[in-house]
Every structure is written in C-alpha cells, then in structure tokens.
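Listed here are the chains, written in short residue letters.
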Amino acid sequence: MLGKLIKLYLYYNFFTNKKILKSLTFIAIYFLAGVIPYLLYVKSLPILVISIPLIAFYLTNTILPTSILSKSDIDFLLMLPIEEKTIIGARILSNFILLLLFMVTFMVPYFSKVYGILQSIVIIVLLTILISLQQIALYNLRVHLKVLISVLILVWFLSAIIGFPYSSLSLSIRVYPGLAGLILLFFFLAVRNLSNYKYYVVQGVGREVEKNISFTLSHPFINIFKVVMNGSGFVGVSRLTSTYVIKRIRVSTLVAISSILAIIYYILVSYLVRHLSTNHFFSFLIYLYSLLFMSSYVLSYGHGTFTSQPLWLLVNSSIDLVEYIRYILISRAIKLFIILLPFVIVLILTGQYGSALTVALGFPFSTIYITSIEMRFNPIQVREQVLPTNMLTFRSLITFLLSFLLVLVLIGVVVLNMIIFKSLLLPLIANITSVPISAVFLFWRDFWERAINNAVERGLI
Amino acid sequence: MVVNDCIVVRNVVKKYDNLVALNNLSFTIPCGGRYALLGPNGAGKSTTLKILAGLLKPDYGEVYIMGHKPGSVEVKRVMGFLPEDPLPYPNLTVRENLEFIASLRGIPNVKDKVEELMELLDLKEYEKVLTGKLSRGNRQKLSIALAIMHEPKIVLLDEPLNYLDIPSQEKVISLLKKMNSTFLISTHIMSIATRLTDHVIVIAKGTMVWEGTIEELRLFSKEEDEPIESIVSRLMENVR
C-alpha cells in the first residue's frame, strides 16, 4: 500500500497537478539567482556561486510549503481504511523524492563548480534530507519562528563567505559534520511531532479587528483606496494544511519591513563591501539581487491584485466596471510606491538615480500592466481559503512571461545603464515609456469586459 | 419609457469552449414577478444569472433588464445579485464590507443602514470579525445583506438559503417576501421556490422546458398527494 500511495502522490503532484512546478515565480528566481553568480564566478569567493540559489531554495522550501497533508488528504484520504502512518509516510517519502529531483536538477550545476560533482551530490542529498525533516520538525510553529530558525541556519551556512571555519559549507573543513548534526536534531524533533500529529486547527470565529475602517459617502476612489491601503487579503499558509490564513496587513507594517530591508541594503553596499577584496563584484551582486527581489515582489504583487477580489460585488456596487477597476489599479500602484519608497531613498543616497526612478515610477506603473495581463489571460482566485491551483500550462507560462516583460525591460535598462552607458537619459526614457503602456489599461473598456467574462467563465466570482 | 417586462432573455446561446451551457434560451419576467429558476445540475441556471448580472456575455441573443443592457450602470443601480457560494471581501470585517458597499452605492445614512441590516440578520456580534473568518452561514447572511441593502428593483439570487440554519432561513424568507421587487431565484429546493415565488421556469440542457405558475405545476400531479419535487423531477427527466 505504501508503494501504491507514493506512486499516486508522485503522479498527482508531478505529472497531473505539477504542484512542484506551480510557482513559476520561484523557478524564475532560482534560475536568475543562480545563473548570475555562476557566470560571474570569482575564485576568491567560490561560496558566492551557491549562496543565492541556496538562500532562495532553502527559504522557500522550509517556510512556505509547511503542510505534510493537504486539506484534500485530510478530508478524503484519511477516511480510507488505510493506516494513518502509511498515509503520512507515503506523503513524506513522495515529497522527499520530488524535492530531491528538483534539488539535483537545479542545484548540482552550482554546487559542482565549488565542490565537484560527487561531493555536490552528497551535499545536495543531505540538504534535501535536512529540508524534508525540517518541514516536519517545525510544522506546528508560527511562521515568524520558522523564518527566524531558517534564517539563523542560513546565516550559519553562509558565514563561510566571510571565512567562518565552522560553517557547514566552509571549504576549510569537511561539510558533513555540521549538516549531519542538524539532520540528527531535526530527525528527533520530526519523530516526536509525527507521533502526535494534529490534522486540524479549529479556526472558529476569528478575533475582532481592533481598528475598523470607516467608510463615508465620499468619492468612490477614496473608499476603494481605503480598502486597498488597509488590507492585504490572504497572506501566509496555514500551519497544518495547504490553506491560506486571512490576516490584515496594514501598509505601515509593509513599509516597516521594506525600511529594514532598505537599511540592510544600504549598510551592505556602503560599509561591508569595503572590507572585502572583491568589493565591486559583491556590491554589484547585492544591487542586482535587490532589483531582482523587488521585481519578483512587484510581479507577485501585480498577480495578487484580483486573487481575493469578489467580482460579484462589482454588480452590487453601482459603479461602472472600468471605473471600479481603474480605482483599484491606481490605489494598488500608489500603495506599491509607498511600500518601495525606502528603497527609492536608499538608491538615491547610493547614487543609483536610474534605479531609483525605476522603483519610484516604473515599478508602480508596471503593476497595472502585470495585473491587467494576468487578469485577462490567466486569472486566479482564492476561494474558501484554499490555495488556488496554478497549473503550469503553455498559456500560464506565456502569460507569466508577458506580464514580466515590462519589469524585465526596465531592469535590463538600468543594469545596462549602470555597466555601459552611465547616464540618466536611458532609464528616464524607459520609465516614461512604461507609463502610457500601463496607463492604457486604465481606460480600456473592451479589454476589461473580456477579462471579467473570461474570469467568470473560469469559475471566478 | 414604460417597461412591462423587467427581465427579457431572447434566444440566448452561451458556450464554454465546446460545452453548450445555454441553447437558445428565451423567457421574460414581468415587473414585480416572482420567479424560480429550476433545473438539474448543469442545466445552465448559474450561467443564466451571471449573464443577467452582466458578469458573462452571451455568445448570441439579447438580454434586457428594465430595457437596459446587463452590466450597465443603469442596471446596477436597480439590481441586487447574489451568486452561489459568495465570498465578500475576506480582509474586511462584516461592518466594513457593509459600509464599503453602502457608500459605493451612495446609500444615505450609511451607518444607520448598516446597523439595521446587522440587527436584522443577527450579524451584530460579528461586526468586527474579518469576513474570511466567518462561518459559511454568517458569510451567506452578510452576502444577502450586501445584495439587497439598496432595496433593488431586480433581485437575482442563486441558492440564497445555502448554509443558513432554520431561524436564519425564516428571517431571510420574511425579509425577501416584504420586498416589492422582481425576483429570479435559482434553487434546487422546492420549498424555497414555493415560499418565495409564484412562478417557475424550468430549464434543462440550456433550454427552457416549461414555464408557469406553481398552481399550474401542481396540475401535473399523477396522484392527489404527489409532492411537487416529484412533479419537477418528472419534468426534468423527460428532457434527458
């Protein structure tokens, strides 16, 4: 039965649902993140080649997919006359196999450059065991605790960059003892958790919201703006099942987070690089990754605009369809500008005026373009708190690439400008051009009528 | 302009890729009429309501709501629409959802109206709870309140009593019965149809197969005590 279940899980997750590939954004991040240091390989800092793909992969796999069993598993599979341990075991083993396939495919090229092929495979297998065990060992912790533990482990791994000899990835000693110790620790925690596995968290009636938003008979834009600024919809995933947790995140919280990240960026670029021999290379990498990080945020922000937007209330709002959508898109663009403002300030302080212009103007306008393309060709909606199934299809891939195009061009322009042209003119032209390209969607009635029709046909309401 | 028929559906065809959801569907509902839309699963009931609400465009045919095209601002002003399994803004509280839509509708005395609706539907104790964290029943009550808060002249409801407990069902039925609107209610439950409406439109495979009053429907009974569900079932079976 165990073998049958594993086969079923693998088939369902990989060949039919393609769950492991569902997040196209992550694949793009792994690819872009890994390829750049690989191409710019510096012999004095080999650990840099694996650091960025490792960060991206480790964090996304230890923090985000926190469930062992999905809601459907709990609702239906657990009702079958099969031992619970067999079901959970099958799930864990199939997850491990998929993760290992993914890790070997994406990580071996980078690791082999540093450790050689054989040793890379050993490290990657150990890392996969670590990630799989960590998911189970920490499944019932709150997200911020998981983030803290994962970040601490990563800092320990990557302390090899500054020559810390006891890092588990340090080249001065063998890598295995550190990893083996961690694996052993998580193994004991995982066994303990599995013997007392909880399937459900009873959500009950949620806590009351402390500060209510008050709506008055003002202009519709003001009221829609209030909604956009005060709520962030579905965030995070449930601790136990693949369901979203509904939480309101105010823009002030997001600004606080982006301020901290911007300050870290400023400190890294301004001070830390001075103490490293390869400061220009390191500084450029940090700059590039900051842009990529922001652009991936812009992309997911744009894609998320309508995921929790009840379309049926468009009918009950007595506002014109295009007017309603226009107000939402403009509000979201303003919100993004406010969130990214700390980065704009820091980029100006570090003399990156072209990039500052792109973050301040190009990125907010790009969200209008991204949202419009995504909504028209590949709309997704969160319903009943269950993660939307984002199947990897030719259509979704093309839509993803098309929606990313504008941001990609803007980043390409500022990076090229930084390396070759070193003038503000090129970013200025690119950003000014991006405004009408995006703004046209604010007034395009036929486009939105087709988009809503398509979304409703796909079952979004 | 005097309009006698508040809802006009004429020769409507709607396809989802190769699947024909509506096939030359035609019916009219006079202003003030209370109609139930019945049909088996996949008959096209929800598609019909979404087309009337302006959320879907028909591939062919004409639809008019009080003489206007669905989706126009003129129609939105007078229409209330409740889809099946509705989800209001999950990251807004009950009160905020009501205030938000009320203010967008331009309803005077927003706060008073919201208070009234919350009292009416027993939502007061959840006013500060995020909608996404409500039980399905309370979410349904909130959705009904959002759909009818402006006392619409045209009311489109898709399974309005889903998830409601019996006292809540009675409250909603009483609330809807007091309204002098034109109703089109899609439902599978005949007791709802008989209590909220007096006319029935039966559709199957996207086409209207019967229309008439509930009394006329009862005339089809083979035995004296034949339940109305059995009669409707026979009507639908005949089309399959």
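Structure first, text after, so check above.
Residues numbered from 1 in each chain as written. Chains lettered and ligands numbered in written order. Predicted model: local features only at pLDDT ≥ 70, side-chain atom pairs only at ≥ 80, totals over all residues. Heavy atoms only, no water.

Draft legend 1. Geometry of the pairing of strand 2 (residues 19-30) of chain B. Residues and elements named next belong to chain B. Bridge count for strand 1 (residues 5-16) against strand 2 is eight bridges, and the pairing is antiparallel. Counted as the bridge partner of Lys 14 is Leu 22 from strand 2. Where strand 1 folds back on strand 2, the antiparallel hairpin that results is connected by two residues, among which Asp 17 adopts a positive phi of roughly 55 degrees. (Pairing = 2+ DSSP bridges. Helix = DSSP H or I, 4+ residues; strand = E, 2+ residues; numbered from the N terminus.)

Draft legend 2. Fine view of helix 4 (residues 110-120) of chain B. Residue and element names in this part refer to chain B. All of the buried residues along helix 4 are Val 110, Lys 113, Val 114, Leu 117 and Met 118. When helix 4 is viewed along its axis, its buried side chains cluster within an angular range of 130 degrees and face the same direction. Looking at the buried residues of helix 4, the elements they touch are helix 3 (94-105) and helix 5 (136-148). One or two steps after helix 4, the chain reaches Asp 122, where phi turns positive at roughly 55 degrees. (Buried < 20%, exposed > 50% of the residue type's maximum accessible area, 1.4 Å probe, protein only. Arc of directions from axis to C-beta. Contact = heavy atoms within 4.5 Å.)

Draft legend 3. Here's a closer look at unusual backbone geometry. Residue and element names in this part refer to chain B. Not every positive phi belongs to a glycine, and Asp 85 is a case in point at roughly 50 degrees. Mapped onto the elements, Asp 85 comes out in the loop between strand 5 (79-82) and helix 3. You will see that Glu 151, though not glycine, has its phi angle at about 50 degrees, which is positive. Structurally, Glu 151 can be placed in the loop between helix 5 and strand 6 (154-158). For Glu 151, a relative accessible area of 56% gives the class exposed.

Draft legend 4. Structural context of the interface of chain A and chain B. Listed by partner, the interface residues are 49 residues for chain A and 53 residues for chain B. Roughly 4,500 Å² of surface becomes buried between chain A and chain B when both sides are summed, with 60% attributable to carbon and sulfur atoms. Run the count over chain A and chain B and you get one salt bridge. We note a salt bridge from Lys 14 of chain B to Glu 457 of chain A, for which the minimum N-O separation is 2.5 Å. At the boundary of chain A and chain B, one finds eleven residue pairs in polar contact (both at pLDDT 80 or more). Secondary-structure elements contributing two or more residues to the side of chain A that touches chain B are helix 9 (220-230), helix 12 (312-315), helix 13 (321-349) and helix 17 (445-457) of chain A. Here the element with the most residues in the side of chain A that touches chain B is helix 17 of chain A; it accounts for five residues. (Buried area = accessible area lost by both parts, 1.4 Å probe. Salt bridge = Lys/Arg side-chain N within 4 Å of Asp/Glu carboxyl O. Polar contact = N/O pair within 3.5 Å; in protein donor to acceptor, adjacent residues only side chain to side chain.)

Draft legend 5. Local environment of the sheet that holds strand 6 of chain B. Residue and element names in this part refer to chain B. The strand order across the open sheet formed by six strands is 5-6-7-3-8-9, and the pairing between neighbours is mixed. Only two strands of the sheet have a single neighbouring strand rather than two, namely strand 5 and strand 9 (207-213). Here the strands of the sheet are splayed against their neighbours by 15 degrees on average, with no regard to which way each runs. Bridge analysis of strand 5 against strand 6 gives four bridges, and the strand direction is parallel. Within strand 6, the residue paired with Gly 80 across the bridge is Val 155. Relative to strand 6, helix 1 (residues 45-52) is tilted by about 150 degrees, and along the sheet it contacts strand 3 (34-38), strand 5, strand 6, strand 7 (182-186) and strand 8 (199-204). Its contacts with the sheet put helix 5 on strand 5 and strand 6, and the angle it makes with strand 5 is roughly 160 degrees. (Axes fitted to C-alpha atoms, helices over the stretch in contact; angles between N-to-C directions.)

Draft legend 6. Representation of the packing of helix 5 (residues 84-115) of chain A against helix 6 (residues 117-137) of chain A. All names here are of chain A. One way to put it is that helix 5 packs onto helix 6 with a least axis distance of 8 Å and a crossing angle of 140 degrees. When the axes of helix 5 and helix 6 are compared, the pair comes out oblique. As for how helix 5 packs across helix 6, the hand of that crossing is right-handed. Here the residues of the contact of helix 5 with helix 6 sort into 19 nonpolar, five polar and no charged. (Parallel < 35°, antiparallel > 145°, perpendicular 65-115°, else oblique. Left-handed = near helix turned anticlockwise from the far one by under 90°. Nonpolar A, V, L, I, M, F, W, Y, C, P; charged D, E, K, R; others polar.)

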